[in-house]
Amino acid sequence: MEFKKPPDGGWGWVIVLASLFTQFLCYGSPLAVGVLYIEWLDAFGEGKGKTAWVGSLASGVGLLASPVCSLCVSSFGARAVTIFSGFMVAGGLMLSSFAPNIYFLFFSYGIVVGLGCGLLYTATVTITCQYFDSRRGLALGLISTGSSIGLFIYAALQRLLIEFYGLDGCLLIVGALALNTLACGSLMRPLQSSDCTLPEKIALENVPGRYSIYNEKEKNLEENINILEKTYRGEEICKSTLASGDWKPESLLPKNPTTMAHTKETETYKKKVAERTYFCKQLAKRKWQLYKNYCEETVALFKNKVFSALFIAIFLFDIGGFPPSLLMEDVARSSNVKEEEFPMPLISIIGIMTAVGKLILGILADFKWINTLYLYVATLIIMSLALCAIPFAKSYVTLALLSGILGFLTGNWSIFPYVTTKTVGIEKLAHAYGILMFFAGLGNSLGPPIVGWFYDWTHTYDIAFYFSGFCVLLGGFILLLAALPSWDTCNKQLPKPAPATFLYKVASNSSNV
């Protein structure tokens, strides 16, 4: 399906504004879930590891379901998906206010809100890419700041709402705010196809491949009709034999016009059935071929050692790097830091510094003399050191400083697509990025519960954050070792072989004269 040329402006800026507010409204509460995490610990009295599953599911489910989210946006469009997902996020937040236990929150907040956020993220990125080409990087950078601003504001807002209205009232109000996503979604006007309407375009694209998809030898329509004719004739023989007891084959031949008409209708019916059977066979083989090609491309991706190291690094990074945004408030409470000493919530510091990190690291990635892979590795190594320093922070100032450093380095998400593109090439970016986001979601889901279980086991966060720092450091060194000897050669495209040429000598007819 071909769309009009991206306008790179005009209504596209309305799309950017709507997408920014959409990410602000839908990601504000899930990213600032650390404030709610403390209240849930007190309300339900469960362990830190079990309670951490709520926030980790809300962040991880959307990434785990990224292939499904992409399929929904491709099938129904960004506007419809945004409006539907707005209802999901708002409904999940409001439903969480009535949660009788922690298991109910796993579904209402973890799965419903998490899946809604995943759908909204895919929809906003897709519609923005359709409207922008030359300014696509700027547009995507602007909408990505919405989630960071949401984290900064919602951390303080949720604490204020809990103080005045309690935990249940806070979730109801935040859910009502999320309904504003519906207004943002209504502004996401899709680009129309360039020459004909969408149904006509799909129909024209599907027609050529219906009956000539594969080059291998297939049973044609006539063979299918013959098979059905034999089956039908056998059924007629059985019916006539059972009815009259006459085994003579002459009695089966048509002898009057009514029978002739019935035979003609039967042949037409058999032909239609044969055509549909043939089409279904071809469609099934086409789907199988697509699945086979997908598996072969996936195997080819993992043969690239830099890509294999990258998937390990992003998995370990999310296991170790995500827990601070969820648990930093509880870390401060465990360090006997009083809330009166908090001029600003630690999660808000992480949020605003993440936005700054995305902007600065994105600008650095545009410089040709900076290798984005080494830049990404540097952020992982420095983050691992900051994580290992958390157990030594016993005051608000040191915790705020470490929160700012961790937030800034978390902004390396803005350069991750650059690294992926250099590793696999632009042609395989969508496939590779989907695989990497799946493992990122898996790491997001597992990281906070693992840290919480360490606390339940040792009654301190020290070993938990040493483990987190080790995971991030290990991922960074694996990626560095895989890339050092071959970063300039693993992505070097081999020259395309020259097309084969064949020389044909025209036979002379003089010898036959």
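Residues numbered from 1 in each chain as written. Predicted model: local features only at pLDDT ≥ 70, side-chain atom pairs only at ≥ 80, totals over all residues. Heavy atoms only, no water.

Student: Any chance you could explain the side chain of T51 here in plain terms?
Tutor: Checked against the element boundaries, T51 lands in helix α3 (residues 48–64). Here T51 falls in the buried class, since its relative accessible area comes to 1%. Within the local environment of T51, its side chain forms a polar contact with the backbone oxygen of G47, the two atoms lying 2.8 Å apart. T51 has contacts with Y37, W40, L41, E46 and I102, leaving out every residue within four places of it along the chain. (Helix = DSSP H or I, 4+ residues; strand = E, 2+ residues; numbered from the N terminus. Buried < 20%, exposed > 50% of the residue type's maximum accessible area, 1.4 Å probe, protein only. Polar contact = N/O pair within 3.5 Å; in protein donor to acceptor, adjacent residues only side chain to side chain. Contact = heavy atoms within 4.5 Å.)

Student: Before we go on, may I ask you to explain the packing of α3 against helix α6 (residues 102–131) in this structure?
Tutor: How two helices sit against one another is set out by the angle between their axes and by the gap between those axes. Two numbers describe how α3 lies on α6: the axes approach to 6 Å, and their chain directions differ by 20 degrees. In terms of orientation, α3 lies roughly parallel with respect to α6. Like other packed secondary-structure pairs, α3 and α6 cross with a definite hand, here right-handed. Across the interface between the two elements, K50, T51, W53, V54, L57, A58, V61 and G62 from α3 touch I102, Y103, L105, F106, Y109, G110, I111, G114, L115 and G118 from α6. Along the lines of polarity and charge, the residues of the contact of α3 with α6 split into 12 nonpolar, 5 polar and 1 charged. (Axes fitted to C-alpha atoms, helices over the stretch in contact; angles between N-to-C directions. Parallel < 35°, antiparallel > 145°, perpendicular 65-115°, else oblique. Left-handed = near helix turned anticlockwise from the far one by under 90°. Nonpolar A, V, L, I, M, F, W, Y, C, P; charged D, E, K, R; others polar.)

Student: Hey, could you run me through the packing of aromatic side chains in this one?
Tutor: Pairs of aromatic rings are described using the distance from one ring centre to the other and the angle between the two planes. One pass over the full model with this rule turns up 18 aromatic pairs. Ring geometry for F24 versus Y154: centroids 5.6 Å apart, planes at 70 degrees, classification edge-to-face. Taken together, the positions of F24 in helix α1 (residues 11–31) and Y154 in helix α7 (residues 136–178) put the pair 130 residues apart, joining distant regions of the chain. When its relative accessible area of 15% is taken as the criterion, F24 is described as buried. Of the residues examined, Y154 reaches a relative accessible area of 1% and is grouped as buried. Between Y376 and F416, the ring centres sit 5.6 Å apart and the planes meet at 50 degrees, which makes this aromatic pair tilted. With Y376 in helix α15 (residues 372–389) and F416 in helix α17 (residues 416–424), this residue pair connects regions lying 40 residues apart in the sequence. With respect to burial, Y376 and F416 carry one shared label: buried. A connected cluster of aromatic rings, assembled from ring pairs, spans F302, F307, F311, F438 and F439. (Phe/Tyr/Trp six-rings, centres within 6.5 Å; stacked < 30°, edge-to-face > 60°.)

Student: Could you clarify how one ought to interpret the pattern of salt bridges in this entry?
Tutor: Two side chains with opposite charge may pair up if their charged atoms get near one another. All told, the structure shown has 5 salt bridges when counted by the stated rule. The closest approach of N and O atoms between R333 and D330, which form a salt bridge, is 3.4 Å. With R333 and D330 both in helix α13 (residues 323–334) and 3 residues apart, this pair spans about one turn of that helix. (Salt bridge = Lys/Arg side-chain N within 4 Å of Asp/Glu carboxyl O.)

Interpretation note: all reported values are geometric properties and have no functional meaning in isolation.
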